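# Understanding the architecture of this molecule
Take a look at the letters that make up each chain.
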Amino acid sequence: MKLTVVGCGYLGATHAASMAELDHEVLGMDSDMDKVAALNSGKAPFHERDLDEMLARHIASGRLKFTASYTEAAAFADLHFIAVGTPQLPGEHAYDLSHLFSAVRQLAPHLKGPAVVAVKSTVPVGTAPRVRDLLNEFAPAGDAIEVAWNPEFLRESSAIEDTLRPDRLVLGFETEHSWAETVLRQCFEKIIETGTPTIVTDWATAELAKASANAFLATKISFINAIAEVCEASGADVTQLADILGHDVRIGRRGMQPGLGFGGGCLPKDIRGFMARADELGVDQALTILREVDAINNWRRERMIDLAREQLDGNLTGKRITIWGAAFKPNTDDIRDSPALAVAQKLHELGATVTVTDPQAIDNARKTHPELDYIDDPSAAVQNADLLLHLTEWPQFSHIDPHHLAARAGTPRVIDGRGTLNTETWREAGWTVRALGRP
Ligand code: UDX
């Protein structure tokens, strides 16, 4: 099939490359010329496992290209995925839908015949009819354009895998047995035929699927982090506790890793956007739980600052603190709402000299946090440090030998904010070890 993907950020670029992998002919469209140039040269403007290789392969094969022209996109195919960003409005909880409506509004005048517009962007429930109305008003083909809702559940760092082998496919349509359903089933045929659960539903349910999934994932993380506080106060070990709970198949261990909490471009904004929409719908009380989820999450960052202060005898001024991790999670260079950087910035404000290291995210972190010091080598970063904080659980950090490191540190003191360091080994190597949620 021929198809386009409008908006080539994390979601769109991954979707475009993955659709080419499924043997479709794909044109990615983005109004950012630099991004288009980078993608056409086979390089994503962000770090995502295997994506560059896949982009380069499909650009070379001719199955994938990128453009900044809506005219070209509209002429290329009759199936258009929309994957533009829907960030949080500055100073508000609600979504900023301006990129979405602008993309639809700019594509519409070029749609002269029947087409399917399938939206992947995360939105508040009730957005699909607004997209349909815009297309009806501005597309020459009018109501021959069908709107489909196809939420995306991909995680950064496993985005391609999640796109090609998703846990489920959700397809939302205005009416049953629509032409849009036939088109999307054809598009995803290779995924559906492997037995992927495929749920065909209405627009509102499809829109809510994404909001509710992220709300649940955030709740699961904040739940175990709330329990972590009780663990700290009572001498219990939250990591073991999470293992014990996780063996109950109704609970499950995955997505319940205790620690510094969630960040990134999705979970924090999506729970806030969900609350804002519930408020508009007059059911805000139904989601007050998410206010707590957000508060617990922010509190973990405060708790880390308190622990650091405690370890440094109540005084952060002039202390040298090394932070392992800048990305919001491992295997990405994304620093949006990064818990690690939030802690780093706060410690800097409180008078500490903060050195940050990260395998991928230093360049991005330096742009937004120039006040911090950066060093590539995690061992060298510990030189003369008064305290080491482990805040993003890159696997390579867990493999560093704490014995060698102890000699380099000013004082061998560490706080594990992600529960993945072998605290026993670190203690044996002479470190004073604290960990969130552990004795
Ligand atoms: C998330 C959802 O998982 C995905 O389905 C959705 O499409 C987009 O939002 P992502 O933001 O890429 O994906 O990362 P995820 O792996 O879910 O982690 C989000 C944050 O939660 C990270 O900061 C991570 O460190 C934290 N987290 C995750 C935990 O603290 N504990 C966990 O058990 C899992």
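Keep in mind that this is a model prediction, so the values were computed, not measured. (Residues numbered from 1 in each chain as written. Predicted model: local features only at pLDDT ≥ 70, side-chain atom pairs only at ≥ 80, totals over all residues. Heavy atoms only, no water.)

### Concerning the sheet that holds strand 4 (residues 79-82)
Strand pairs in the sheet, formed through backbone hydrogen bonds, run parallel or antiparallel to each other. The test is simple: Following DSSP output, two strands are said to pair if at least two bridges run between them. Secondary structure elements follow DSSP: runs of H or I of four or more residues count as helices, runs of E of two or more count as strands, with numbering from the N terminus. Note on definitions: angles span 0 to 180 degrees between N-to-C directions of axes, and those axes are lines fitted to C-alpha atoms, for helices only across the stretch in contact.
Strand order in this open sheet of eight strands is 3-2-1-4-5-6-7-8, and the pairing throughout is mixed. Both edges of this open sheet fall to strand 3 (64-67) and strand 8 (198-202), since each of them pairs with a single strand only. Between one strand axis and the next, the sheet turns through 25° on average, direction left out of account. Note: strand 1 (residues 2-6) against strand 2 (residues 25-29), five bridges, orientation parallel. Along strand 2, the bridge assignment pairs Thr4 with Leu27.

### Some details on empty space enclosed by the protein
Heads up, the rule is: Only protein atoms enter the 1 Å grid used here. Points where a 1.4 Å probe fits but cannot escape make up a cavity, open sets with protein on both sides within 12 Å along at least five of seven lines make up a pocket, and a residue lines them when an atom lies within 4 Å of a point. Grid points are joined across faces, edges and corners, and a volume is the space filled by probe spheres set on the points. Each residue is assigned to one class: nonpolar for Ala, Val, Leu, Ile, Met, Phe, Trp, Tyr, Cys and Pro, charged for Asp, Glu, Lys and Arg, and polar for all the others, Gly among them.
Throughout the structure, instances matching the rule amount to two cavities of 30 Å³ or more. Here the largest cavity is characterised by a volume of approximately 40 Å³. Every residue lining the largest cavity is listed: Lys120, Ser121, Thr122, Val123, Trp149, Pro151, Glu152, Ala206, Glu207 and Lys210. Residue contributions to the lining of the largest cavity peak at three residues, all from helix 10 (residues 203-234). Its residues assigned to classes, the lining of the largest cavity shows four nonpolar, two polar and four charged. Taken as a whole, the second largest cavity encloses approximately 30 Å³ of empty space.

### With respect to the domain arrangement of the chain
Going by this rule: Domain start and end points were adopted from an automatic or database domain assignment. In this analysis, two residues are considered to be in contact whenever any of their non-hydrogen atoms come within 4.5 Å of each other. Note on terms: buried area is the combined drop in 1.4 Å-probe accessible area of two parts once they are placed together, counting the loss on both. Counted as salt bridges are all cases of a side-chain nitrogen of Lys or Arg within 4 Å of a carboxyl oxygen of Asp or Glu. Here a polar contact is recorded for every N or O atom pair within 3.5 Å, except that within protein the pair must consist of a potential hydrogen donor and a potential acceptor, and residues adjacent in sequence are included only if both atoms are side-chain atoms.
Under the domain assignment used here, the chain contains domain 1 (2-196), domain 2 (211-227 + 237-294) and domain 3 (298-435). The centre of domain 2, based on its C-alpha atoms, is set 25 Å off from the matching centre of domain 3. Domain 2 puts 14 residues into the contact, and the matching count from domain 3 is 15 residues. With both sides pooled, the region where domain 2 packs onto domain 3 buries about 1100 Å², and carbon together with sulfur makes up 47% of that total. One can count zero salt bridges joining domain 2 with domain 3. Along the contact surface separating domain 2 from domain 3 lie eight residue pairs in polar contact (both at pLDDT 80 or more).

### Structural notes on the nonpolar core
Threshold: Here, the term nonpolar core denotes a set of buried Ala, Val, Leu, Ile, Met, Phe, Trp, Tyr and Cys residues that are joined through side-chain atoms within 4.5 Å. Each residue is placed in one exposure class: buried if its accessible area under a 1.4 Å probe, protein chains only, is under 20% of its type's maximum, exposed if it is over 50%, and partly exposed if it falls in between.
Of all hydrophobic cores here, the largest spans 45 residues; its most connected members are Ile321, Ile323, Leu347, Leu389, Trp426 and Trp431. Elements represented by at least two residues in this core include exactly helix 13 (288-311), strand 9 (320-324), helix 14 (339-349), strand 10 (353-357), helix 15 (362-368), strand 12 (387-390), helix 17 (402-408) and strand 13 (413-416). Sort the elements by how many residues they give to this core and helix 14 lands first, with five residues. With sequence-adjacent residues up to four places away left out, Ile321 is seen in contact with Leu312, Leu316, Leu347, Ala352, Thr353, Val354, Thr355, Leu387 and Leu389.

### Looking at the sheet that holds strand 14 (residues 432-435)
Strands sit in the order 11-10-9-12-13-14 across an open sheet of six strands; the sheet is parallel. Each edge of the open sheet carries a strand with a single partner, namely strand 11 (373-374) and strand 14. Pairing of strand 12 with strand 13, which is carried by three bridges, proceeds in the parallel orientation. Bridging across to strand 13, His390 finds its partner in Asp416.

### What about helix 6 (residues 128-138)?
Rule in force here: Taking the helix axis as origin, the arc is that swept by the directions to the C-beta atoms.
Looking only at helix 6, the buried set comprises Ala128, Val131, Leu134 and Leu135. One side of helix 6 holds all its buried residues, which, seen down the axis, span an arc of 125°. Its buried side turned inward, helix 6 meets helix 5 (98-107), strand 5 (115-119), strand 6 (145-149) and helix 10.

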